[in-house]
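Analysis of the macromolecular model
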Amino acid sequence: MEYLDFELPIKELEEQLEKCQVIGEESDVDVTETCKQIEQKLSETRKAIYKNLTAWQRVQLSRHPNRPYTLDYIRAICGETFLELHGDRNVKDDKAMIGGLGKIGDQSYMFIGQQKGYNTKTRQFRNFGMANPEGYRKALRLMKSAEKFGIPVVCLIDTPGAYPGIEAEERGQGEAIARNILEMTRLKVPIIVAIIGEGASGGALGIGVGDKVLMLENTWYSVISPESCSSILWRSWEYKEIAADALKLTATDMKKLKLIDEIVKEPEGGAHSNREKTFEIVKNKISKHYEELKKLSPKELVKMRMEKYADMGVFSG
């Protein structure tokens, strides 16, 4: 397990607990009481740290190296039923954007999401979770297939942004994202969106229009990353913490601004500390929201979705 700077007190206590347990196993000394005390302190420290996280600390947690990625969620939620589908039928198969059919219970879903890598090799293979235009076109092709067969769509967002390379712009990156936003607003099947990590810029919005938009507790959703914002405003990355606060990018901020529908609580210590429990929570949320949305007709779904997004940003002075 890797630890972030603010998690170091937890690391120390976990190491103490491990040593205490080893002493108990290797000698005749009864360490039960000492272990209980350390466990108690560990629980209190965890609560204290994760209760008072700053916006920047949540950004760090969303990028935690042990945090589960899109394929982890899909495999845990769907098991053997997941069938990955490839290609945009135009240029190539974008490895940063994955999608396919999977089941929760007896219900089929079309899962779509950005996939990051675990090490240098897979990060390059997945282009660091930054999709090219063909990735967004693949996502749209899969959504249209889902619409044709009346299958609900689930989008899992985790991207530092759409790929900003020259070749991506040449193949119409902006148009691909804009087309997805337009088509998603009028898709005739339920769309459930969950932000499971980073939700940056148009790269996130390209698969982010939904009837229900959920945000895990330690994720962020914003037009720009704190580092980029800091470098634009102050010509330096040093002010990223100030930028993170000013951007109002946390789940709490987004809920307050009515830009998302629900905050999904993570297990104590973040999604990476108890992956199985996190998968179970997300799986239940998807099923719960689909049960509500399936009662609506396609016409009602589109009308409500359109109204929901049209109301965003409207305020009275």
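Residues numbered from 1 in each chain as written. Predicted model: local features only at pLDDT ≥ 70, side-chain atom pairs only at ≥ 80, totals over all residues. Heavy atoms only, no water.

Turning our eyes to something else, we now look at the nonpolar core. Within the largest apolar cluster, 32 residues are counted, with the highest numbers of intra-cluster contacts made by I112, M143, V153, C155 and I207. Of all the secondary structure elements, the ones that give two or more residues to this core are β3 (107-114), α6 (133-148), β4 (153-159), α8 (173-185), β5 (191-200), β6 (212-216) and α12 (251-256). The residues contacting C155, other than those within four sequence positions of it, are I112, M143, M184, I192, V193, A194 and I207. The next biggest cluster of nonpolar side chains, apart from the first, holds 25 residues, and it includes F82, L156, L214 and A271. (Core = buried A, V, L, I, M, F, W, Y, C linked by side-chain atoms within 4.5 Å. Buried < 20%, exposed > 50% of the residue type's maximum accessible area, 1.4 Å probe, protein only. Helix = DSSP H or I, 4+ residues; strand = E, 2+ residues; numbered from the N terminus. Contact = heavy atoms within 4.5 Å.)

A separate point is the pattern of salt bridges. According to the stated counting rule, one finds 22 salt bridges in the structure shown. Across the pair E198 and R63 runs a salt bridge whose closest N-O atoms are separated by 2.7 Å. Residue E198 is located in strand β5, and its partner R63 is located in the loop between α3 (55-62) and α4 (70-78); the two are separated by 135 residues in the primary sequence. E198 sits in the buried class, given a relative accessible area of 5%. R67 is paired through a salt bridge with E266; the nearest N and O atoms lie 2.8 Å apart. Separated by 199 residues along the polypeptide, R67 in the loop between α3 and α4 and E266 in the loop between β8 (262-264) and α13 (275-293) bring together distant segments of the chain. The exposure class assigned to R67 is buried, which follows from its relative accessible area of 1%. By relative accessible area, which is 8% here, E266 ends up buried. (Salt bridge = Lys/Arg side-chain N within 4 Å of Asp/Glu carboxyl O.)

With that settled, consider the packing of α4 against α13. Running from N to C, α4 and α13 cross one another at 70°; their axes reach a closest spacing of 9 Å. Here α13 runs roughly perpendicular to α4, going by the angle between their axes. Where α4 abuts α13, its residues D72, Y73, A76 and I77 lie against R275, T278, F279, V282, K283 and I286. Looking at side-chain class alone, the contact of α4 with α13 contains six nonpolar, one polar and three charged residues. (Axes fitted to C-alpha atoms, helices over the stretch in contact; angles between N-to-C directions. Parallel < 35°, antiparallel > 145°, perpendicular 65-115°, else oblique. Nonpolar A, V, L, I, M, F, W, Y, C, P; charged D, E, K, R; others polar.)

In an α-helix, one full turn covers 3.6 residues, which means residues spaced three or four apart are oriented alike. Counting buried residues in α3 gives eight out of eight residues, a clear majority hidden from the surface. Taken together, the buried positions of α3 are occupied by A55, W56, Q57, R58, V59, Q60, L61 and S62. Where α3 is buried, its residues meet α2 (32-51), β5, β7 (220-222), α10 (226-234) and α11 (240-246).

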